[in-house]
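An overview of the molecular structure
This is what each chain is made of:
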Amino acid sequence: MKKITLLLFLALTSCGIEYDGETRLISETTVLDRNGNFLSGVEIKIRASNGSDEDIISNGFSDSYGNTRLIFAPPKNASLEITFSKEQSGYDTKSFHNVKISDFDNFRLVMDEIILLKTDDVINLELQFENSFTTNKTLFDSRIEGLISGRDFFNRDENFLGYPVQSNFSVAKNQTVVVHYTLIDQITNEKTEHLLPISIENENVSQTITY
């Protein structure tokens, strides 16, 4: 009994991350392709990270209807990253970081439908932000609204935003995306969000935004 207890203790404190061994959280979603078809066999991994240590704490695969359901013990001192991948079938990986325990409602997180893009259906969008030096404002954050791939924030809070601002995005071809970029006034600390639609076709795009 002492040996089993010791092994359980070690498992719940692995790599400097502590876990609540008496609680279980559930993460659920449905994975689709761009055309709305269910994607089976998509691997889902949940990682816990506290900035210096990282554990994979749960993993599984989507069923024939694209449904996923993972159950795991929550970390006490770390945030979560949830990754969806089906690379061997030619799909780009999509992941969400800065998932917090507070995002779970009654121990359950039901994410919006996840759309995985084919690797050959993705191009690079590069944003170049240039300061006109006519105002006291500087760039604080940028994000993309549309069909995107790669790594993205689940929560966009002030602990994770600021410099360096993301400027390269993996986006689906043949769509219009909306760039959301936030400026902060260096004197008043007031933040203002601005929107810019960009038409995406079949080639990589480089867009300069002057503020």
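All values reported here derive from a predicted model rather than from experimental measurement. (Residues numbered from 1 in each chain as written. Predicted model: local features only at pLDDT ≥ 70, side-chain atom pairs only at ≥ 80, totals over all residues. Heavy atoms only, no water.)

As for the overall build of the protein chain
Each helix and strand counted, the protein chain has one helix and 15 strands in total. When burial is assessed residue by residue, the protein chain has 43% of its 211 residues classed as buried. Taking all contacts inside the protein chain whose residues are at least 6 apart in sequence as the whole, residues at least 24 apart take part in 70%. (Helix = DSSP H or I, 4+ residues; strand = E, 2+ residues; numbered from the N terminus. Buried < 20%, exposed > 50% of the residue type's maximum accessible area, 1.4 Å probe, protein only. Contact = heavy atoms within 4.5 Å.)

A few points about the pattern of salt bridges
Scanning all chains against the criterion turns up six salt bridges. Put simply, R151 and E81 hold a salt bridge, and the shortest N to O gap is 2.6 Å. Taken as a pair, R151 in strand β11 (residues 148–153) and E81 in strand β5 (residues 79–85) lie far apart in primary sequence, 70 residues in all. (Salt bridge = Lys/Arg side-chain N within 4 Å of Asp/Glu carboxyl O.)

A word on the pairing of strand β2 (residues 43–49)
The two faces of a sheet get side chains in turn, since along a regular strand they alternate between them. Inspection of the sheet shows β2 paired to strand β3 (residues 54–61) by seven bridges, in the antiparallel sense. The residue of β3 that forms the bridge with E43 is F61. The turn joining β2 and β3, which pair antiparallel and follow one another in sequence, is formed by four residues; a positive phi near 100° is taken by G51. Relative to β5, β2 runs antiparallel, the two being bridged by seven bridges. Looking at the pairing, I46 lines up with I82 of β5. (Pairing = 2+ DSSP bridges.)

Regarding the nonpolar core
Membership of the largest hydrophobic core comes to 23 residues, with the highest contact counts inside it found for I82, F84 and L116. Counting residues per element, the ones that place at least two in this core are β1 (25–32), β2, β4 (67–72), β5 and β6 (94–99). Non-local contacts of F84, meaning those with residues more than four positions away in its chain, are made with T29, V31, V42, E43, I44, D92, T93, K94, F96, M111, I114 and L116. (Core = buried A, V, L, I, M, F, W, Y, C linked by side-chain atoms within 4.5 Å.)

A closer look at the packing of aromatic side chains
The full count for this structure, using the stated rule, is five aromatic pairs. Pairing F84 with F96 gives two aromatic rings, centres 6.5 Å apart and planes at 80°, and the pair type is edge-to-face. Remark: F96 occurs in strand β6 and F84 occurs in strand β5; sequence separation between them is 12 residues. The same class applies to F84 and to F96, which are both buried. Here the aromatic residues F84, F96 and F154 are joined through ring pairs into a cluster of three or more. Here the basic side chain of K191 rests over the ring of F140, its NZ or CZ set 5.1 Å away from the ring centre. (Phe/Tyr/Trp six-rings, centres within 6.5 Å; stacked < 30°, edge-to-face > 60°. Lys NZ or Arg CZ within 6 Å of the ring centre and 35° of its normal.)

Brief notes about the sheet that holds strand β10 (residues 137–145)
On the basis of which strands lie adjacent, the open sheet formed by three strands has the order β10-β13-β14 and antiparallel pairing. Bordering the open sheet on either side are β10 and β14 (191–200), each of which pairs with just one other strand. Averaged over all pairs of adjacent strands, the angle between strand axes in this sheet comes to 25°, irrespective of strand direction. (Axes fitted to C-alpha atoms, helices over the stretch in contact; angles between N-to-C directions.)

Things to note about the confidence of the model for the protein chain
Of all residues in the protein chain, 90% attain a pLDDT of 70 or more, and the chain-wide mean is 89. When mean pLDDT is compared element by element in the protein chain, β1 scores highest at 98, while helix α1 (residues 2–11) scores lowest at 38. For residues 1–13, every residue scores under 50 in pLDDT, and the model assigns this stretch seven contacts once sequence neighbours within four places are set aside. (pLDDT = per-residue confidence, 0-100.)

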